[in-house]
Amino acid sequence: MSFLQIDDVHKAYGQHEVLKGVSLDVERHEVVCLIGASGSGKSTLLRCVNGLEEINGGEIRIEGDTVTGAGVDLNALRRDVGIVFQSYNLFPHMSVLENVTLAPIRVGGVSKAEAEERAMGLLGSVNMQDKARSYPDMLSGGQQQRVAIVRALATQPRVLLLDEITAALDPELVGDVLEIVRELARGGLTMLLATHEMGFAKEVASQVCFLDAGSILERGPAQQIFEEPREERTQQFLSRVVKSGRL
Amino acid sequence: MSAVDLVSDEVQPGPTPSQPRGVAGLATTGLVVALAGLALAVAAALRLHSYSKGAAVPTGVGVLLVLAALYPLLPTARAYARSGRRSTLLGEGQLVASRRAAAAGRDEATVAMGYAVGAAIVSVLLLIALAQDGGIAQTFFAGHSWKLAFPEMIQAFWTNIWVACVAQVLVLVFGLLLAVMRMLPGRAGRPLRLIALIYCDVFRAIPALVTILLIVFGLPLAFPALANWPSAWLGAVALTMTYSAYVAEVYRAGLSSIHPSQSAAARSLGLSYAQTLRTVLVPQAVRRVIPPLLNDFISLQKDTALLTIAGIVEVVNASTLWQSKLFNLSPVTLAALFFIVVTIPQARFVDFLIDRDAARRSGR
Ligand SMILES: Nc1ncnc2c1ncn2[C@@H]1O[C@H](COP(=O)(O)OP(=O)(O)O)[C@@H](O)[C@H]1O
Ligand SMILES: [Mg+2]
């Protein structure tokens with residue numbers, strides 16, 4: 001049984017059907033990449049897995065336990081499933097350290113001292129320990145995104161969702177952030193990530209899914225998807241990405 | 001059509017260098033305005049001197065006014081100097097330097113006009129105040145009336161202050177409660193949402209004066225236990241009821257102005273709705289609502305004057321007593337001055353808070 005099972009998930013905003021039956025299995029310690037044009041539903045799918053959006057059909061299971069539908073403790077689910085957003089979404093009125101320790105203290109019941117010690121350790125691992133007392137507005141985009149990753153990791157999630165986390169960054173800041181994700185992948189963290197960094201996807205992903213207009217059109221090993229895509233729409237998408245200089 | 005087609009093949013004409021603009025005309029206008037301002041200031045100073053029969057302070061004020069009105073002549077002179085320099089440089093073919101001199105000269109001329117108009121406005125106001133043989137000053141600013149009324153009025157004003165302070169603290173709490181009630185989620189929250197909505201609508205519809213009458217006169221009749229309450233307390237309750245409805249709207253606008261991604265980030269970390277509200281949304285909203293909140297608080301402070309209708313001895317009440325005793329409106333002007341004195345520092349203080357917060361967050 002797979003660790004994360006997304007089973008025929010449907011999602012609509014009013015009349016607009018955004019996910020049209022998406023199924024996807026993620027094994028423990030596996031890294032799965034979602035690629036697809038803007039508006040194809042990548043963010044929506046990730047938000048559904050985290051319970052930020054209610055789904056209209058299908059089911060999502062983590063270790064066999066259904067985590068969608070009525071009666072599910074979403075707050076508990078979210079301790080297992082972390083998410084990092086494209087726009088960082090740090091809390092601007094809190095220092096870096098407060099951002100990172102908020103959830104462990106409030107939700108995890110960890111003491112302040114212990115949470116701060118762990119947070120400093122995590123911040124150290126992304127070279128941000130000397131910014132612990134800074135506020136998000138004082139940091140560059142790359143630094144903010146590194147803090148956002150640490151904030152998500154501080155609750156010790158068992159699967160991490162990454163939604164185009166480098167898309168808003170200046171090119172020279174992308175490398176540092178990707179290096180952290182690479183490190184996490186080496187450490188065996190299960191991850192589901194939407195990305196446009198094809199080179200990076202090739203390197204870390206064991207499986208790449210091409211999402212097209214709300215359904216997974218093609219999936220397979222990174223090598224195969226990028227080098228010999230079967231579907232015409234996948235080929236079109238990839239050639240557009242190549243033209244934009246991202247591959 | 002490709003992007004290449006958008007590029008015109010025609011040779012672009014060379015740039016036309018911008019010529020220095022004229023200065024002398026503007027400088028002359030500045031001179032005329034400055035002289036007019038000076039004339040008005042002299043007239044006002046003379047009037048002030050004769051009206052006060054040569055008393056030291058009014059005469060000093062007049063002298064200061066004339067000195068201030070002299071100031072614009074300085075930039076005017078500089079503007080003429082630049083004007084000459086502009087022509088010289090232009091003659092030497094130094095276009096850029098000439099342009100700079102012209103710009104500086106026009107700057108000086110407009111500065112002269114700005115200060116001269118300011119001096120003229122002050123002078124005209126003084127002349128009006130002293131018109132009809134000082135009738136206006138006598139009616140509104142009679143010093144001896146102020147002296148007589150001051151001790152009682154400052155005591156009465158104390159009532160306005162503490163009623164406002166009590167009401168403001170209560171409004172902060174009660175308004176937030178209403179705002180949060182209006183934002184409760186789900187079907188379970190619907191009745192409370194509705195109650196909060198009705199409360200806000202009703203109390204924003206009722207004039208504050210009516211609420212004050214109903215509460216101050218009505219509550220002791222309805223609840224005999226309250227009969228011994230000082231009516232100023234009841235006045236504070238009435239103001240709280242009215243202003244909580246406004247402040248709830250201010251809070252609600254503040255809370256909904258926080259981008260949904262903040263809420264999503266908090267919830268994604270496992271925080272409950274209540275925790276998200278308390279740790280992420282409210283702290284950010286409070287910062288944003290300070291300016292509109294202060295506006296409402298200043299209104300509230302001024303509306304303590306309405307308590308006079310319920311016979312509560314506050315500053316306006318006291319001032320009207322003195323007004324009828326002295327047949328003179330100056331005590332009422334004094335009440336206005338009291339309100340001005342407490343309001344302006346608050347506005348400055350909140351500006352300071354906002355600046356400090358902005359500076360702290362951007363690391364300056
Ligand atoms: N909150 C929302 N309300 C209505 N439509 C939405 C909302 N969020 C996303 N959508 C729509 O859903 C589609 C998929 O969006 P998204 O999941 O953000 O795509 P992607 O991340 O692949 O660019 C888009 O057409 C978008 O307009
Ligand atoms: Mg997206």
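Residues numbered from 1 in each chain as written. Chains lettered and ligands numbered in written order. Predicted model: local features only at pLDDT ≥ 70, side-chain atom pairs only at ≥ 80, totals over all residues. Heavy atoms only, no water.

The name given to chain B in an unreviewed UniProt entry is Amino acid ABC transporter permease, and the organism recorded there is Nocardioides mangrovicus. Regarding chain B, the relevant UniProt record gives this comment under Subcellular location (unreviewed entry): "Cell membrane". Per UniProt, chain B carries the Sequence similarities (unreviewed entry) text "Belongs to the binding-protein-dependent transport system permease family. HisMQ subfamily." (UniProt positions renumbered as here; feature names shortened; annotations may be inferred.)

Under an unreviewed UniProt entry, chain A has the name ABC-type polar-amino-acid transporter and belongs to Nocardioides mangrovicus. Quoted verbatim from the Catalytic activity (unreviewed entry) heading of the UniProt record, the comment on chain A is "a polar amino acid(out) + ATP + H2O = a polar amino acid(in) + ADP + phosphate + H(+)". Under the UniProt heading Sequence similarities (unreviewed entry), the note attached to chain A is "Belongs to the ABC transporter superfamily."

## A word on unusual backbone geometry
Residue and element names in this part refer to chain A. Of note, the phi angle at D8 is positive, near 50 degrees, even though the residue is not glycine. Of note, D8 is situated in strand β1 (residues 4-13). By relative accessible area, which is 38% here, D8 ends up partly exposed. (Helix = DSSP H or I, 4+ residues; strand = E, 2+ residues; numbered from the N terminus. Buried < 20%, exposed > 50% of the residue type's maximum accessible area, 1.4 Å probe, protein only.)

## Some details on the environment of E117 of chain A
Residue and element names in this part refer to chain A. Position of E117 relative to the elements: it lies in helix α4 (residues 112-125). Taking relative accessible area as the criterion, E117 reaches 63% and is therefore assigned exposed. Between the C-alpha atoms of E117 and L97, which are 20 residues apart in sequence, the distance is 9.9 Å.

## Regarding the interface of chain A and chain B
Quoted interface sizes are often the accessible area lost when the parts come together. Contacts between the two partners involve 24 residues from chain A and, on the opposite side, 22 residues from chain B. In this assembly, chain A packs against chain B so that about 2000 Å² is buried in total across both faces, 60% of it on carbon and sulfur atoms. Remark: the boundary between chain A and chain B carries zero salt bridges. Linking chain A with chain B are five residue pairs in polar contact (both at pLDDT 80 or more), by the criterion used here. Listed by contribution, the elements that provide at least two residues to the side of chain A that touches chain B are α2 (74-80), β6 (81-84), α3 (96-106) and α5 (141-153) of chain A. Counting residues per element, the side of chain A that touches chain B draws most heavily on α3 of chain A, at three residues. In the side of chain A that touches chain B, the residues fall into 14 nonpolar, five polar and five charged. (Contact = heavy atoms within 4.5 Å. Buried area = accessible area lost by both parts, 1.4 Å probe. Salt bridge = Lys/Arg side-chain N within 4 Å of Asp/Glu carboxyl O. Polar contact = N/O pair within 3.5 Å; in protein donor to acceptor, adjacent residues only side chain to side chain. Nonpolar A, V, L, I, M, F, W, Y, C, P; charged D, E, K, R; others polar.)

## Some points on the nonpolar core
When a protein is soluble and globular, its nonpolar side chains tend to lie buried together. Within the largest apolar cluster, 48 residues are counted, with the highest numbers of intra-cluster contacts made by I35, L160 and M191 of chain A. With near-sequence residues (within four places) excluded, I35 of chain A lies in contact with K42, T195, M198, V208, C209, F210, L211, I225, F226, F237 and L238 of chain A. Counting residues in each nonpolar core, the second largest holds 47 residues, with I60, M94 and L102 of chain A together with I258 of chain B among its members. (Core = buried A, V, L, I, M, F, W, Y, C linked by side-chain atoms within 4.5 Å.)

## Quick word on the sheet that holds strand β7 (residues 159-163) of chain A
Residue and element names in this part refer to chain A. Taking strand neighbours across the sheet as the criterion, the six strands line up as β6-β7-β8-β3-β9-β10 in an open arrangement whose pairing is mixed. Across the chains shown, the open sheet's two edge strands, defined by having one partner strand only, are β6 and β10 (215-220). If you compare each strand with its neighbour and ignore which way they point, the axes differ by 20 degrees on average. Relative to strand β9 (residues 207-212), helix α9 (residues 232-243) is tilted by about 95 degrees, and along the sheet it contacts β3 (31-35), β9 and β10. (Pairing = 2+ DSSP bridges. Axes fitted to C-alpha atoms, helices over the stretch in contact; angles between N-to-C directions.)

## A few points about the sheet that holds strand β4 (residues 57-62) of chain A
Residue and element names in this part refer to chain A. Taken together, four strands build an open sheet; the order of strands is β2-β1-β4-β5 and the sheet is antiparallel. Since the sheet does not close on itself, it has two edges, and those belong to β2 (16-26) and β5 (65-66), each with one partner. Two elements, β4 and β5, share two bridges in a ladder whose sense is antiparallel. Each residue of the ladder has a partner; that of R61, found in β5, is T66.

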